[in-house]
Amino acid sequence: MTADAPFRQLRGRLKAQAPLAARSWFRSGGAADWLFVPQDAEDLASALRQCPPDMPVTVLGACSNVIIRDGGLPGLTIRLAGGFANIETNGDGLIAGAAALDSSVAETAAQAGMSGFAFLSTIPGSIGGAVCMNAGAYGGDMSSLLDWVDILTHEGFLQRLPASALKMQYRHSSLPEGSIVLRARLKAHGEEDPTAIQQTMQEMRASREASQPLRARTGGSTFRNPEGHKAWELIDAAGCRGLRHGGAQISEKHCNFMLNTGDATSTELEELGEMVRTRVLDKSGISLHWEIKRLGRLLSSASSS
Ligand SMILES: Cc1cc2nc3c(=O)[nH]c(=O)nc-3n(C[C@H](O)[C@H](O)[C@H](O)COP(=O)(O)OP(=O)(O)OC[C@H]3O[C@@H](n4cnc5c(N)ncnc54)[C@H](O)[C@@H]3O)c2cc1C
């Protein structure tokens, strides 16, 4: 920590001008003004309470659904790590820390013979991100599992919210503005033979492998599916499959996925997405909406958006 750090007596790791590109699935983007990896919830609450009211706070999960802009993240960026990754079975469900990986949660549930979690084995994010995005696949999503969630408010106070308070919809939760998910209780749909669950998860993963560029530098689905349409079909029909802009490309394999083919900047990725939106609008009259969260400052801009 430097002498002019705006935080005192934190137990976790605080770093100024911390590069973030290596953390993002796209491998692009700038640095965090301040990156804090808290040791536990109390440590995080202490940082939030010390935050000047005008200082932006951003929380990152596994960065599998974000573009971190090239101008970096203003203010305080939080990364939840080991102290928030616990998973424990709990009656007819389990409690998972926000940093627990979705795949680990699915594996724990499978071993315990809990049904309803298999889809999580295909999503490369963390539970905090999954709650925030209402992540889903293969007909399941977080809204079908969530019982309650513990959050820290923007001001650093702990609250337990029932799932109903989050008003979860397709790839969206109404988390209180600026709040951080600490952990979530997920309730199983019922009991199922662990071997059968493992079989289902294997089939889901194989079908993923066949249809999505999983080993690429990508951010998952770029756009939400508009009501009654599939984003990839609209993108394909607009002639954007394989479209390139600098080092960014629309995947040939699944054209709702963007790729960093090597040295793409976040600006190029975002510009490519906007080119696709324009072409889809011209071709079909349908306006695509970003599913990927674009975080931070554009390179030329001093302000966040
Ligand atoms: C190859 C690939 C396949 C994918 N397939 C799917 C899929 O099938 N279905 C699907 O839904 N998604 C899919 N995704 C997208 C992504 O994995 C999910 O949206 C995931 O839930 C994001 O979690 P994350 O931890 O990576 O969140 P991040 O990408 O780090 O963050 C996403 C958002 O969540 C917020 N957030 C993260 N942690 C917290 C927290 N603790 N508290 C409050 N807010 C938080 C962030 O601020 C940000 O706004 C895919 C991505 C990739 C790369």
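Before any of the text, the structure's been laid out above.
These numbers were taken from a predicted model, which means no experiment stands behind them.

Calculation criteria
Residues numbered from 1 in each chain as written. Predicted model: local features only at pLDDT ≥ 70, side-chain atom pairs only at ≥ 80, totals over all residues. Buried ≥ 20, exposed ≤ 12 C-beta atoms within 10 Å, placed from the backbone. Helix = DSSP H or I, 4+ residues; strand = E, 2+ residues; numbered from the N terminus. Pairing = 2+ DSSP bridges. Arc of directions from axis to C-beta. Contact = placed C-beta atoms within 7 Å. Near = placed C-beta within 6 Å. Nonpolar A, V, L, I, M, F, W, Y, C, P; charged D, E, K, R; others polar. Domains from an automatic or database assignment. Axes fitted to C-alpha atoms, helices over the stretch in contact; angles between N-to-C directions.

**Q** Kindly report on the pairing of strand S13 (residues 180-187), identifying the contributing residues and their values.
**A** Side-chain direction in a regular strand flips from residue to residue, so the side chains alternate between the two faces of the sheet. Among the 8 residues that make up S13, 6 are buried, leaving the element largely enclosed by the rest of the structure. Inspection of the sheet shows strand S7 (residues 93-97) paired to S13 by 5 bridges, in the antiparallel sense. Among the inter-strand pairings, Ile-95 is bridged to a residue of S13, identified as Arg-185. With 6 bridges connecting them, strand S11 (residues 146-152) and S13 associate as antiparallel partners.

**Q** Quick one: what's the story with the environment of Arg-160, residue by residue and with numbers?
**A** Position of Arg-160 relative to the elements: it lies in strand S12 (residues 158-162). Residue class for Arg-160 comes out exposed when judged on the 12 C-beta atoms lying within 10 Å of it. Put simply, Arg-160 and Val-181 are 21 residues apart on the chain and 9.8 Å apart in space, counted from C-alpha to C-alpha.

**Q** Can you explain helix H2 (residues 102-111)? Please cite residues and give values.
**A** All buried positions along H2 are accounted for by Asp-102, Val-105, Ala-106, Ala-109 and Ala-110. Looking straight down H2, one finds that the buried residues subtend no more than 135 degrees of arc, so they occupy a single side. Contacts made by the buried residues of H2 are with strand S6 (87-90), S7, strand S8 (114-115), helix H3 (127-133) and helix H4 (194-211). Trailing H2 by a residue or two, Gly-113 shows a phi angle of about 70 degrees, which is positive.

**Q** How would you summarise the site of the ligand if you had to cite specific residues and measurements?
**A** Taken together, 34 residues lie near the ligand, and Gly-61, Gly-125, Gly-128, Gly-129 and Gly-220 sit nearest. At the level of secondary structure, the elements contributing two or more residues to the shell around the ligand comprise strand S3 (57-60), H3, strand S9 (136-137), S13 and strand S15 (218-221). Ranked by the residues each element gives to the shell around the ligand, the list is headed by H3, at 5 residues. Looking at the shell around the ligand, its residues break down into 19 nonpolar, 14 polar and 1 charged. Mapping the shell around the ligand onto the domain boundaries places at least three of its residues in each of domain 1 (13-80) and domain 2 (83-209).

**Q** Give me the lowdown on the sheet that holds strand S16 (residues 244-245), citing residues and values where you can.
**A** In space, the 4 strands of this open sheet follow the order S15-S18-S17-S16, with antiparallel pairing throughout. Lying at the two open borders of the sheet, with one neighbouring strand each, are S15 and S16. With 2 bridges joining them, S15 and strand S18 (residues 257-260) adopt antiparallel strand pairing. Note on S18: the bridge partner recorded for Ser-221 is Phe-257. Strands in contact with helix H6 (residues 266-284) are S16, strand S17 (248-250) and S18; relative to S17, the strand with the most contacts, it is inclined by about 35 degrees.

**Q** Tell me about the sheet that holds strand S1 (residues 13-19), and please be specific about residues and values.
**A** The 4 strands are arranged S1-S2-S5-S3 in an open sheet whose pairing can be described as mixed. Since the sheet does not close on itself, it has two edges, and those belong to S1 and S3, each with one partner. On average, each strand axis in the sheet is inclined to that of its neighbour by 30 degrees, with strand direction left out of account. Direction of pairing for S1 relative to strand S2 (residues 31-37): antiparallel, over a ladder of 6 bridges. Paired with Lys-15 across the strands is Leu-35, a residue of S2.

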